[in-house]
Amino acid sequence: MISRLERLYRRKVSAESLFSYDLAEELCDCAIAMRRDITVLLDQRGRLQHVAVGVESHLEQILELKPPEPEAGLSDFYCFRTHLGWCDFSQPEMSLPDQVTVLQYHLPIMGVLIAGTQKAFSRQRGESPHFCDAVFLLHPTTSTTPEESMACEVEPPMVAHQLEAESLEKWIDWGKEVFSPQRSKKTTSQAHGKERALLIGVDITTKHETYKTGTRLDIEDSMGELRLLAETAGAQVVGQMIQSRKQPDSTTYIGKGKAQALALEIQQNQAQVVIADDELSPAQQRTLEKILRVKVIDRTEVILDIFAQRAHSREGKIQVALAQLSYLLPRLMGRGRMFSQQTAVGAKAGIATRGPGETQLETDRRVLKKRVAHLEQEAKAVVQHRQRQRRQRQQTDVPLITLVGYTNAGKSTLMHRLTQANILVEDKLFATLDPTIRRLYLPTGRETLLSDTVGFIQKLPTFLVKAFQSTLEEVSEADILLHVWDVSHPSRLAHWHAVEETLCELGISDVPVVTVCNKVDRLKNKARELQSLEPLFSNSDKDWAAISATTGEGVDDLLAVIAQLCDEMALNPITKYQ
């Protein structure tokens, strides 16, 4: 059988034909004899370049053929493969791996030869083949969407004899139009230099009642938040995919079948990056990148990228770098690094220096660990500097008021309203990263300090909280916390619980909290909405005020609540500053 397969390389298809009947019959005969599918790759002159046995998802695995770049144009090859067994000819749908292969490798055509013993289709067409029952032709096309997404189309089934009448030049001309470099550049320019991103998420719930408690985001709200994160990081979101599972798949996060569908979606939308809604393990990330052939990142990496954009102070840059290195350290493997051995050879190498040496992976890990240790020392120096500043503030007996809340809840807008601080105010996630402290004078004339902190978010990894410990220490050292809450958001209860859980992780329970119900100007029925929230505050015995930081509505009431708390703290003999 091996010699029979080797003789296939001597065959050549006529330049005027797409494929030959004799070659189709031979391939199907070999496939039936071995009970294994066969894939052949031909150049545009009709010469067989590769013959592979077995079912694989990608040509790179079986033919050592790497996918071209998006702007590379049409491939010089086209592909035919066998399919054992009979299929439903009324619904000619090719498998997802076949469609992904055509789009990934820029093939003008892929032929699927149905190798079966029933020969039902050919007999209906008046043919009596020996082995090849029917042939499907799968080719790329363009949809009618504004972005001209790519897709695959399956031609109606034909008998093997019709292959010799099909012109290869026709399919090549059509493929050149689909994969033209000009069209690829046009699609890329539509993103204005932004990466085209696809979002993926896993819905692990089976009952909608789980979300009625409001303890966490609904999957749609979570994906909407991920979209905002991606856009804030500078990506153009071109689609999303949600998989319902009892739990994320340990290997591919969304499951192998869904990953194949996602690979097709990537090719159709010409996406350049895939962003997962949850934190991926290093194994999940590597497996998905192997299947999808694009960069795969998760929510944590997007947040870190935003932090890197927002950090301007030395302290902020140190904390971001520390968090990024802590995230990267377990993910070094599979990052495209060369794992060459550093060996010592020759007589001058010395004892215990010869042998396999250490891999590049080990070298990279050692360098990163040294960098992390250095950053941790710098972070300790920053912490000591902040502690000296706090001691100076404590000696002046000036109360410290700290703003906390979910990201994009309006903390910076409120600080600008109260202190006229010249800080960045944008309707974006994590618009403010570096902490800011300004003087705030209450209506009673008392001087206080108002501090702004980084916003909280759901699914915030533990190591990220640890990296920003010096910044979040401002929260634990505060005399009063102002929990800025966006009450106009559809997932406001989930945001509330996310902030409360983060405060519990920081060990903050004895600091007075004033809940600031912000953005009341966006409520359709303000009176009814605020009345529905009153039980939440009455059960927790927390002060609250309804305001709009943008318009200034209710700000005077908020200042009165803060002044009353400051007076109560001054009368209390057990205070932080005594």
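Residues numbered from 1 in each chain as written. Predicted model: local features only at pLDDT ≥ 70, side-chain atom pairs only at ≥ 80, totals over all residues. Heavy atoms only, no water.

J.: Just checking my understanding: could you explain the sheet that holds strand β10 (residues 295-298) for this structure?
T.: By definition, the strands of a sheet pair up through backbone hydrogen bonds, in either a parallel or an antiparallel sense. Overall, parallel pairing links the four strands, which are arranged β8-β7-β9-β10 in an open sheet. If you trace the sheet from one side to the other, it starts and ends with β8 (235-244) and β10, each paired once. Each adjacent strand pair in this sheet contributes to an overall mean axis angle of 25°, direction not counted. The pairing of strand β9 (residues 273-276) with β10 spans four bridges and is parallel. Bridging from a neighbouring strand, Ile275 pairs with Ile297 of β10. (Pairing = 2+ DSSP bridges. Helix = DSSP H or I, 4+ residues; strand = E, 2+ residues; numbered from the N terminus. Axes fitted to C-alpha atoms, helices over the stretch in contact; angles between N-to-C directions.)

J.: What is the right way to read the environment of Asn408 from this model?
T.: As for its position among the elements, Asn408 is in the loop between β13 (400-405) and α14 (411-419). By relative accessible area, Asn408 is classed as partly exposed at 23%. Linking Asn408 and Trp485, residues 77 residues apart in sequence, is a C-alpha distance of 9.4 Å. (Buried < 20%, exposed > 50% of the residue type's maximum accessible area, 1.4 Å probe, protein only.)

J.: Whenever I open this one, the pairing of strand β7 (residues 195-203) confuses me. Can you help?
T.: Buried residues dominate β7, accounting for eight of its nine residues. Examined bridge by bridge, β7 and β8 share nine bridges and lie parallel to one another. By the bridge assignment, Ala197 is partnered in β8 with Val237. Where β7 and β9 come together, four bridges link them in parallel fashion. By the bridge assignment, Leu198 is partnered in β9 with Val274.

J.: For this particular structure, what's the right way to read the sheet that holds strand β1 (residues 38-43)?
T.: The strand order β2-β1-β3-β4-β5-β6 describes an open sheet built from six strands, whose pairing is mixed. Both outer strands of the open sheet, β2 (48-53) and β6 (150-154), are each paired with one neighbouring strand and no more. Strand after strand, the sheet turns through a mean of 20° between neighbouring axes, direction not considered. Bridge count between β1 and β2: five bridges; the pairing is antiparallel. In the strand pairing of β2, Ile38 is matched with Val53. Sheet strands touched by helix α4 (residues 96-104): β3 (77-84), β4 (110-115), β5 (132-142) and β6. Its angle to β5, the strand with the most contacts, is close to 50°. (Contact = heavy atoms within 4.5 Å.)

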